[in-house]
Amino acid sequence: SMPQEERIDWIDMEPATQHSLFDVLRGLSAERKHLSPTFFYDERGSQLFETITQLPEYYLTRTENGILRRHASDMARAMRLDQSLLVEPGCGSCEKVRWLLDQAMPRAFVPMEISGDFLATSLEQLSDAYPALSITALVADYHQQFPNRNVLPDGHPILFFPGSTIGNFDPGEAQRFLRSMGDWLGGQCGLLIGVDLHKPTSMLEAAYNDSQGVTAEFNRNALRQINRLFGTAFNVEAFRHRAHYDSMLHRIEMHLIADLPQDVTLGRETLHIEAGESIHTESSYKYNPDTFIGLVGTAGYRFEQAWFDDDRYFGLFYFER
Ligand code: AVJ
């Protein structure tokens, strides 16, 4: 039989080398220190995230999978999946797309991931399970790297953006991101997007403070990756994980709090971190359905249909542009 690799086209835009020292420096020298959540996701961080999705407290993945299991046939019909070029930014393990692929084969699947090693492993398994699927794999940071549309296969573009990954963006950034994705794909496209909804604070905070400490390790992995990429010497173990819900901004904030003061050389600068100082590593916004539909509307998309779990913890929304 044919080796698996031959059914996967690879486009590698070398996202790790695109991480800019300048951006890291700017974030870490700000009055309130911050980092981009993309630093979580090297191969180890991607594995840690997969572990998070299995945790009892992390209801998001389980709930979204339940909605997909129940409504995938409806979704496939609404988006005319069999005609589509299905593009999934930040596909990770490529587990969720299987619910859709079980309904119909798109003309091609375009997974995008920042960790090429992790993507290779995911796609080996995916292409074993779906031998008829044609795949163009994009190793890229989907925040900033869009290859020319005409290097992608034909088909009506549909963006599949599950997992509430959109929640990592501030609302204004989310709108700009969805707009630029749509423009990249030629102006007209479908968008099937998953988003985490408002719910009691205790449930939200438990999901980001799991009892096994996996989220804490995932959080610290951002500094581990920065040490590796930029040769810095953050004492990673001396940072504590903190996650809390800001009910005014409707977002979980994740922070790393320094237990000890540290001086860290980064490029030509020395950064001083005081004991107790925090680095903001991630925001995870929660929406109500109307606000979310309004937000996506301002990016030029027309709402078509939404699907929820019985508790309305999570929603999947379909739009067209
Ligand atoms: C992948 C961005 C959806 O915000 O819930 C999990 C990442 N951070 N636990 C989220 C995450 C901490 C996750 N997203």
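Residues numbered from 1 in each chain as written. Predicted model: local features only at pLDDT ≥ 70, side-chain atom pairs only at ≥ 80, totals over all residues.

Going by what an unreviewed UniProt entry lists, the chain is known as Dimethylhistidine N-methyltransferase and is assigned to Saccharospirillum salsuginis.

1. Re the overall build of the chain
Looking only at helices and strands, the chain has 10 helices and 13 strands in total. By the compact-globule yardstick of 20 Å for 321 residues, the chain fits well, its C-alpha radius of gyration being 20 Å. Projected onto its principal axes, the C-alpha coordinates of the chain cover approximately 55 × 45 × 35 Å. (Helix = DSSP H or I, 4+ residues; strand = E, 2+ residues; numbered from the N terminus. Rg over C-alpha atoms; globule rule 2.2 N^0.38 Å.)

2. Things to note about the sheet that holds strand β8 (residues 251-258)
Pairing in this open sheet of three strands is antiparallel, and the strands run β7-β8-β11 from one edge to the other. With partners counted over all chains shown, the strands left at the sheet margins are β7 (239-246) and β11 (278-285), one partner each. Here the average twist between neighbouring strands, direction ignored, is 20 degrees. Here β8 runs beside β11; their pairing, made up of seven bridges, is antiparallel. Note that in β11 the partner of I252 across the bridge is S284. Its contacts with the sheet place helix α9 (residues 214-230) against β7, β8 and β11, and it is angled at close to 110 degrees to β7. (Pairing = 2+ DSSP bridges. Axes fitted to C-alpha atoms, helices over the stretch in contact; angles between N-to-C directions. Contact = placed C-beta atoms within 7 Å.)

3. What about the pairing of β7?
In this sheet, β8 lies alongside β7 in antiparallel orientation, the contact comprising eight bridges. Paired with F239 across the two strands is A258, which belongs to β8. From the end of β7 to the start of β8, which pair antiparallel, there are four residues, and H250 there has a positive phi angle of about 55 degrees.

4. Re the environment of H272
Its location among the elements puts H272 in strand β10 (residues 269-273). Residue classification places H272 among the exposed residues on the basis of 10 C-beta atoms within 10 Å. Distance from H272 to S29, taken between C-alpha atoms, is 8.7 Å for residues 243 residues apart in sequence. (Buried ≥ 20, exposed ≤ 12 C-beta atoms within 10 Å, placed from the backbone.)

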